[in-house]
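Examination of the molecular architecture
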Amino acid sequence: MDFVSIRVITDDVARLTGFYEQATGLRARWSTEEFAEIRSATATLAIAGTRTVPLFAPGSSRPADNHSVIIEFLVEDVDRVYENLSGQVTGFVTEPRTMPWGNRSLLLRDPDGNLVNFFAPVTPEAAARLAR
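Everything quoted here is computed from the prediction, not taken from an experiment.

Conventions and cut-offs
- Think of each chain on its own: its residues are numbered from 1, step by step along the sequence as written.
- Given that this is a predicted model, residues contribute local features only at a pLDDT of at least 70 and side-chain atom pairs are listed and counted only at 80 or more, while totals for whole chains, interfaces and linings are drawn from all residues.
- Here the side-chain values reflect all heavy atoms present in the structure, with hydrogen atoms and water set aside.
- We count a stretch as a helix when DSSP gives it H or I for four or more residues in a row; a strand needs E for two or more, and each element gets its number in order from the N terminus.
- Radius of gyration: C-alpha atoms only; globule rule: 2.2 Å multiplied by the number of residues to the exponent 0.38.
- UniProt positions are given in the numbering used here, feature names are shortened, and annotations may be inferred rather than shown by experiment.
- Partly exposed describes any residue whose relative accessible area lies between the buried limit of under 20% and the exposed limit of over 50%, with all areas from a 1.4 Å probe on protein chains only and scaled to the type maximum.
- For two strands to be treated as a pair, DSSP must find no fewer than two bridges joining them.
- For salt bridges, the criterion is a side-chain nitrogen of Lys or Arg within 4 Å of an Asp or Glu carboxyl oxygen.

Counting its regular elements, the chain contains four helices and eight strands. Counting from the amino terminus, the chain carries its helices and strands in the arrangement β-α-β-β-β-α-β-α-β-β-β-α. For 132 residues, the compact-globule estimate of 2.2 N^0.38 gives 14 Å, and the chain sits close to it at 15 Å. Dimensions of the chain along its principal axes, counting C-alpha atoms only, are 45 × 40 × 25 Å.

The UniProt entry lists residues 1-121 under the feature "domain: VOC" (unreviewed entry), expressed in the numbering used here. Taken end to end, residues 1-121 comprises 20% helix and 40% strand; its first and last C-alpha atoms sit 27 Å apart.

For strand S7 (residues 103-109), the tally of buried residues reaches five of seven residues, placing the bulk of the element in the interior. Sheet topology places strand S6 (residues 92-98) next to S7; four bridges connect them, and they run antiparallel. Bridged to Phe92 within S7 is Leu108. Linking two consecutive strands that pair antiparallel, namely S6 and S7, is a turn of four residues; a positive phi of about 100 degrees is found at Gly102 within it. Examined bridge by bridge, S7 and strand S8 (residues 115-121) share seven bridges and lie antiparallel to one another. Pairing of Arg104 across the sheet is with Ala120, part of S8. Hairpin connection of S7 to S8: five residues between the antiparallel strands, including Gly113 at a positive phi of 90 degrees.

Looking at the element boundaries, Ala127 is found in helix H4 (residues 124-130). Taking the C-alpha atoms as reference points, Ala127 and Gly102, separated by 25 residues in sequence, lie 8.3 Å from one another.

Looking now at unusual backbone geometry. One non-glycine residue, Ala64, lies in the positive phi region at around 55 degrees. Mapped onto the elements, Ala64 comes out in the loop between helix H2 (53-56) and strand S5 (70-74). In this structure Ala64 comes out as partly exposed when scored by relative accessible area, which is 48%.

As a further point, take the pattern of salt bridges. Under the definition given, this model contains eight salt bridges. The closest approach of N and O atoms between Asp112 and Arg15, which form a salt bridge, is 2.1 Å. With Asp112 in the loop between S7 and S8 and Arg15 in helix H1 (residues 13-24), the pair connects residues that are 97 residues apart, well separated along the chain. With relative accessibility at 10%, the residue Asp112 sits in the buried group. The partly exposed category is assigned to Arg15, whose relative accessible area is 37%. Arg104 serves as the salt-bridge partner of Asp79, at 3.0 Å between the closest nitrogen and oxygen. Of this pair, Asp79 sits in helix H3 (residues 78-85) while Arg104 sits in strand S7, and the two are 25 residues apart along the sequence. Through salt bridges with shared partners, one network takes in Glu33, Glu34 and Arg51.

Now the structure itself:
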């Protein structure tokens, strides 16, 4: 088995996709107006509209209702991401800070309220944990 993606359901695919394009610097690949993907070398963030939910199971997912998952992106420079998003994001949960496990981390909320963590290892131990 290989974990390849996480899918976020939203009422506004274009808005949420635009946010993630700016936040990551990656361009989305659009399949339909209701489905886009932000692909990196290791994983995919799929963004789908509410009209796709009944294709799986009607009522099985609700947009902007996440209270348990954090979407995480490994970046080179957390502080640069913070500067890049400062004019756009109003939902910063924490400004960049170094965590006890050795990652520099920035936690924010995307336009739908989902938690997003941009992080970079800043200690040798943290870098070793993330080595592929």
